[in-house]
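Overview (structure and organization)
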Amino acid sequence: MAKLDWNHPLKAKRPMGRFRLGIQSHVERFSPSVRRDLFDAAQAAGSRLVRGGLALQWSTVERERGVFDWSKGDRLVEECASRGLAIDTTIHGTPAWAEKLPESERRAAFGNFVGRLAARYRGRIDYYEYGNEFDIKKGPSVEDCAAILQAMHGPAKAADPAARVILGGMACPDSTRSAGRKVRRGFHEG
């Protein structure tokens, strides 16, 4: 077994290939010293990716319609880039102002946000992931998830052709094995 070298973290971004190895952490919740320790440990374990990104949430960045605060996102993206780590940003969290919009307008506003996000961080965010664990929660239907992914895809790809738009991770392996959780039957198959 290869020895982990804590003193020499990876500097160059490594190609992701087909296998995404990384950590799930909202690292921006922690102090700079704790973030440094998390990144050091992740890199020593061979991580190539940070999944999370509360700093890049729609409700964090655009609290007021048309007013964008990228400061927390810039810090997160810089920290990951300085360590050669790819970013999979999980995007959820609708701002209060957008919750009041009709569904079609809300999707358009969300698509606009994702387009701005992809333009700002072109080439620096690898995955734009919508939501998380919809298979165990009350939430959007399969059809709604597909419509939201479509609303994201066009603006993200227009701003960054290399962007990958994906549906959030599932909590259970399928709709029949729930590991004691309430699974939305048929969600995986849909």
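Residues numbered from 1 in each chain as written. Predicted model: local features only at pLDDT ≥ 70, side-chain atom pairs only at ≥ 80, totals over all residues. Heavy atoms only, no water.

A look at the nonpolar core
Among the nonpolar cores identified, the biggest contains 39 residues, and I91, F110, F113, L117, Y128, Y130 and M152 are the most heavily contacted of them. Elements with a contribution of two residues or more to this core: α1 (32-44), α2 (58-61), α3 (71-82), β3 (86-91), α4 (96-99), α5 (103-120), β4 (127-130) and α6 (142-159). If sequence neighbours within four positions are ignored, F110 has contacts with W58, I91, Y130, I148 and M152. (Core = buried A, V, L, I, M, F, W, Y, C linked by side-chain atoms within 4.5 Å. Buried < 20%, exposed > 50% of the residue type's maximum accessible area, 1.4 Å probe, protein only. Helix = DSSP H or I, 4+ residues; strand = E, 2+ residues; numbered from the N terminus. Contact = heavy atoms within 4.5 Å.)

Let's talk about the environment of C145
By the element assignment, C145 lies in helix α6. Sequence separation between C145 and L167 is 22 residues, and the spatial gap between their C-alpha atoms is 7.7 Å. Those residues in contact with C145 that lie beyond four places of it in its chain are Y130, F134, P140, L167 and F187.

With respect to the sheet that holds β3
As summarised here, the arrangement of the five strands in space is β1-β2-β3-β4-β5, forming an open sheet in which the pairing is parallel. If you trace the sheet from one side to the other, it starts and ends with β1 (22-24) and β5 (164-167), each paired once. Along the sheet, successive strands turn relative to each other by an average axial angle of 20°, direction set aside. Pairing of strand β2 (residues 49-52) with β3 involves four bridges; the strand directions are parallel. Note on β3: the bridge partner recorded for L49 is A86. Relative to β3, α5 is tilted by about 165°, and along the sheet it contacts β3 and β4. (Pairing = 2+ DSSP bridges. Axes fitted to C-alpha atoms, helices over the stretch in contact; angles between N-to-C directions.)

Considering the pairing of β2
Because side chains alternate across β2, one face comprises the buried residues L49 and R51, and the other comprises V50 and G52, equally buried. Relative to β2, β1 is paired through three bridges, and the arrangement is parallel. Looking at the pairing, Q24 lines up with R51 of β2. Each parallel crossover has a hand, and the one from β1 via α1 to β2 is right-handed. (Right-handed = clockwise from strand over helix to strand, strands pointing away.)

Describing the pattern of salt bridges
All chains considered together, the criterion is met by eight salt bridges. Among the ionic pairs, R35 bridges to E79, the shortest N-O distance being 3.0 Å. Here the residue R35 occupies a position in helix α1, and E79 occupies one in helix α3, the gap between them amounting to 44 residues. The same class applies to R35 and to E79, which are both buried. The salt bridge partner of R107 is E103, with a shortest N-O separation of 3.2 Å. Taken together, the residues R107 and E103, both in helix α5 and four residues apart, mark about one turn of the helix. When its relative accessible area of 36% is taken as the criterion, E103 is described as partly exposed. (Salt bridge = Lys/Arg side-chain N within 4 Å of Asp/Glu carboxyl O.)

Things to note about the packing of α5 against α6
Two numbers describe how α5 lies on α6: the axes approach to 7 Å, and their chain directions differ by 35°. In the crossing of α5 with α6, the sense of the turn from one axis to the other is right-handed. Along its contact with α5, which presents R107, F110, G111, V114, G115, A118 and A119, the element α6 presents D144, A147, I148, A151, M152, P155, A156 and A159. (Left-handed = near helix turned anticlockwise from the far one by under 90°.)

A word on unusual backbone geometry
Unusually for a residue other than glycine, E133 sits at a positive phi of about 55°. Structurally, the position occupied by E133 is in the loop between β4 and α6.

Here we look at the packing of aromatic side chains
Counted under the stated rule, the structure contains eight aromatic pairs. Centroid distance W58 to W97: 5.7 Å. Interplanar angle 85°. Geometry classified as edge-to-face. With a gap of 39 residues between them, W58 in helix α2 and W97 in helix α4 connect regions that are remote in the sequence. Residues W58 and W97 agree in their burial class; the two are buried. Ring centres of Y130 and F134 lie 5.2 Å apart, and the angle between their planes is 40°; this geometry places the pair in the tilted category. (Phe/Tyr/Trp six-rings, centres within 6.5 Å; stacked < 30°, edge-to-face > 60°.)

Everything listed is a geometric property; what it means functionally is a separate question.
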